[in-house]
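Examination of the molecular architecture
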Amino acid sequence: MKIGIGCGVDPEKVVLSAGKSASPDVEIICYVKEGAELFPPEQVTLFFSPCPEKALVDDLRAKKIDAAIRGSLPANDTLKYLKSVYGADHLERIALLETAAGKKFFFAPVGVDEGWTVAEKVSFVKDGLRLAKAFGLPEKAVLLSGGRLGDIGRHEFVDKTIRDAAEAAKLSGAVHGEILIEDAAADAGVIIAPDGISGNLIFRTLVFLGGGTGHGALIVNIEDIFVDSSRASSGYEGIIELTASLIREKIH
């Protein structure tokens, strides 16, 4: 299989991770800005381009690679071009997270503009459960809201998150876990935040403050495998491993 990964800032870190993750059945192609001086290890190929984010997406669309990882390429330019190539008006991402204690679950939304409607929440549950089953995680999805049922009436925004989570749970067969994320993390394979802002904050708190790990976020509403990643990642080995598993499981 061939996996492409973008090298923007700190390309040496990306190439080093690629070298650690490559194997006889996994070839990794690093998409690099022209002029960069890098020395890749065996099983890692450098692809130089004046615009590596476009080259990465174009090769994925043309099936020249089996999957793509954003790596350290700029998020706005890369995801904007991805949307234009695939004709998507928005992107839906589901991240694989791991707590400091080693508990893994799929989590969404992780983008501030994602997961605001009941329909989006239901869609995230469906895709999340499909991923949980493929990865051997508990096939239980929990929808979070901005408060407990007893908090209804304290604030209209809190009330809306409770109503939306309850409705999405009813439509999808998931559990409304209220605001109790600590209970959800104990036995759920899929956790859905109330909205994109709280989801992004939960992701950042777990990964950057809480000693947890983000193993990348699969974009689930395009036909090919594209895994988003944070440029702040300490390394990309886990993200490459997730991507290889997605290819083997024929997720798309």
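Our structure is the block above this text.
Presented here is a report on the structure given in the accompanying data block. (Residues numbered from 1 in each chain as written. Predicted model: local features only at pLDDT ≥ 70, side-chain atom pairs only at ≥ 80, totals over all residues. Heavy atoms only, no water.)

What follows is about the sheet that holds strand S5 (residues 93-98). The sheet built from eleven strands is open, its strands ordered S3-S2-S1-S4-S11-S10-S5-S6-S9-S7-S8 with mixed pairing. Across the chains shown, the open sheet's two edge strands, defined by having one partner strand only, are strand S3 (44-49) and strand S8 (175-178). Taking the axes of each pair of neighbouring strands and ignoring which way they run, one obtains an average angle of 25° across the sheet. In the sheet, strand S7 (residues 141-144) pairs with strand S9 (residues 190-192) via three bridges, with the strands oriented parallel. Counterpart to Ala 141 in the pairing with S9 is Val 190. Together, strand S1 (2-7), strand S2 (27-33) and S3 form the strand contacts of helix H1 (residues 11-21), whose direction differs from that of S1 by roughly 160°. (Pairing = 2+ DSSP bridges. Helix = DSSP H or I, 4+ residues; strand = E, 2+ residues; numbered from the N terminus. Axes fitted to C-alpha atoms, helices over the stretch in contact; angles between N-to-C directions. Contact = heavy atoms within 4.5 Å.)

Moving on to the pattern of salt bridges. Throughout the structure, instances matching the rule amount to twelve salt bridges. The salt bridge partner of Glu 223 is Lys 63, with a shortest N-O separation of 4.0 Å. Of this pair, Glu 223 sits in the loop between strand S10 (213-219) and strand S11 (225-228) while Lys 63 sits in the loop between helix H2 (52-61) and strand S4 (67-69); the two residues are 160 residues apart in sequence, bridging distant segments of the chain. Using a relative accessible area of 51% as the deciding quantity, one classes Lys 63 as exposed. Members of the salt-bridge network, linked through shared partners, are Arg 61, Lys 63, Glu 223 and Asp 224. (Salt bridge = Lys/Arg side-chain N within 4 Å of Asp/Glu carboxyl O. Buried < 20%, exposed > 50% of the residue type's maximum accessible area, 1.4 Å probe, protein only.)

For any two helices packed against each other, one specifies the crossing angle of their axes together with the interaxial distance. Here helix H4 (residues 118-134) crosses helix H5 (residues 156-172) at 45°, and the two axes come no closer than 9 Å. As the angle between them shows, H4 and H5 are arranged oblique. Considering how the two elements wind past one another, H4 and H5 form a crossing that is right-handed. For the pair H4 and H5, the contacting residues are Val 118, Lys 121, Val 122 and Val 125 in the first and Asp 164, Glu 167, Ala 168, Leu 171 and Ser 172 in the second. Looking at side-chain class alone, the contact of H4 with H5 contains five nonpolar, one polar and three charged residues. (Parallel < 35°, antiparallel > 145°, perpendicular 65-115°, else oblique. Left-handed = near helix turned anticlockwise from the far one by under 90°. Nonpolar A, V, L, I, M, F, W, Y, C, P; charged D, E, K, R; others polar.)

The values are spatial; any link to function lies outside them.
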